[in-house]
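# Geometric and topological summary
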Amino acid sequence: MIVGEQKPLEEIKAMVAPYDNFLILGCGTCVKTCFAGGEEEVATLASALRLAFGKDGKKTKISELTVERQCEGEFIRQAASLATQNQAVLSLACGAGVQMVASRFPKIPVLPGVNTTFIGILEQPGLFTEKCLGCGNCVLDVFSGICPISRCSKKLLNGPCGGSKNGKCEVNPETDCAWQLIIDRYQAFGETEKLYNYVPPKDWRTADAGGPRKLVREDLMV
Ligand code: SF4
Ligand code: SF4
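Residues numbered from 1 in each chain as written. Chains lettered and ligands numbered in written order. Predicted model: local features only at pLDDT ≥ 70, side-chain atom pairs only at ≥ 80, totals over all residues.

Next up on the list: the overall build of the protein. Of the regular secondary structure elements, the protein holds eight helices and seven strands. Expected size for 222 residues packed as a compact globule is a radius of gyration near 17 Å; at 22 Å, the protein overshoots this value by more than 25%. Each of the three principal axes of the protein carries a C-alpha extent, and together these read 65 × 45 × 25 Å. A buried classification covers 27% of the 222 residues belonging to the protein. (Helix = DSSP H or I, 4+ residues; strand = E, 2+ residues; numbered from the N terminus. Rg over C-alpha atoms; globule rule 2.2 N^0.38 Å. Buried ≥ 20, exposed ≤ 12 C-beta atoms within 10 Å, placed from the backbone.)

Laid out in structure tokens, this is it:
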């Protein structure tokens, strides 16, 4: 999932302060799963902002809505009526969702309420960890299912670097050394000989080095 974290209340408050009324628009998929922008977070944030503006003596009308996904136009349509009744939309989606909403409502300011952080997993309650940089050419098969591009601090394709200590990365001792994990996994299923294979430099053209990317699926086009 895309992992994000709600921005601090003061930052959000400063963003929406110029408006007398605005819609807080939640997203019911990734940001809901990471407790940054689902229905409950929309309600909590709306209450906090009402309280904060009330203390300042400012009258603000805050509408609330959560759609299933802000990155799909089909779901954003449900927000059209409320969005156009308001001076601004505060989106609690990831950066893709915010931009999708902005493209659908070109005459309304759309503000980001979430800091989009990474593609990752829920490792344990309250702990989300990065697992993928979306490089566009997955090579997890070469690395026993552990991604050194997102999980090795030096993005080494031929590791380890030699600085790992007790299985932890020398760059950040709180992080597992990705290459130690790769070695452990290959040992676990008896394929350590693969560690001797040289991995050539990665072709980054499928990553973001070439500018914004597109995925075209003609079979899905109507
Ligand atoms: S190799 Fe690329 S696509 Fe695969 S997990 Fe790593 S960053 Fe993501
Ligand atoms: S210690 Fe491990 S994870 Fe850290 S930079 Fe070196 S090889 Fe990569």
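A word on the sheet that holds strand β1 (residues 2-6). Within the open sheet, the three strands sit side by side as β1-β6-β7. Their pairing is antiparallel. Sheet topology places β1 and β7 (127-132) at the edges, where each strand pairs with a single neighbour. When the angles between neighbouring strand axes are averaged without regard to direction, this sheet yields 70 degrees. Bridging between strand β6 (residues 114-124) and β7 involves five bridges; their strand directions are antiparallel. Pairing of I121 across the sheet is with T129, part of β7. (Pairing = 2+ DSSP bridges. Axes fitted to C-alpha atoms, helices over the stretch in contact; angles between N-to-C directions.)

Around ligand 1, the neighbouring residues are C132, L133, G134, C135, C138, V139, L140, C147, I149 and S150. Looking at the shell around ligand 1, its residues break down into eight nonpolar, two polar and no charged. (Near = placed C-beta within 6 Å. Nonpolar A, V, L, I, M, F, W, Y, C, P; charged D, E, K, R; others polar.)

The subject of this paragraph is helix α8 (residues 178-188). Every buried residue of α8 is listed here: A178, W179 and I182. Each buried residue of α8 lies within a common arc of 100 degrees when the element is viewed along its axis, so the set occupies one face. Exposed residues pointing more than 90 degrees away from the buried face of α8 are listed as Q187 and A188. On its buried face, α8 sits against α7 (148-151). G190 sits one or two positions beyond α8 and adopts a positive phi of about 65 degrees. (Arc of directions from axis to C-beta. Contact = placed C-beta atoms within 7 Å.)

Domain annotation of the protein identifies domain 1 (2-118) and domain 2 (135-210). Just the C-alpha atoms count here: the centres of domain 1 and domain 2 sit 37 Å apart. (Domains from an automatic or database assignment.)

This part is about the nonpolar core. Counting 33 residues, the largest nonpolar core has L25, V31, V89, L90, L92 and V101 as its most contacted members. Sorting elements by how many residues they give to this core places strand β2 (residues 21-27) first, with five residues. Counting residues in each nonpolar core, the second largest holds ten residues, with C147, C177, A178 and I182 among its members. (Core = buried A, V, L, I, M, F, W, Y, C linked by C-beta atoms within 7 Å.)

On to the sheet that holds strand β5 (residues 110-112). Spatially, β3-β2-β4-β5 is the arrangement adopted by the four strands of the open sheet, whose pairing is parallel. Every other strand in the sheet has two partners, leaving β3 (61-67) and β5 as the edge strands with one partner each. Averaged over all pairs of adjacent strands, the angle between their axes in this sheet comes to 25 degrees, without regard to strand direction. Bridging between β2 and strand β4 (residues 88-91) involves four bridges; their strand directions are parallel. When the sheet's bridge partners are listed, F22 is paired in β4 with A88. Against the sheet, helix α1 (residues 9-16) engages β2, β4 and β5, with an angle of about 160 degrees to β4. In this fold helix α6 (residues 95-104) packs onto β2, β4 and β5, with an angle of close to 175 degrees to the strand it touches most, β5.

We now examine the pairing of β2. With six of its seven residues buried, β2 lies for the most part within the structure. Both β2 and β3 contribute to a ladder of seven bridges, which runs parallel. Its bridge partner lying in β3, F22 is registered against I62.

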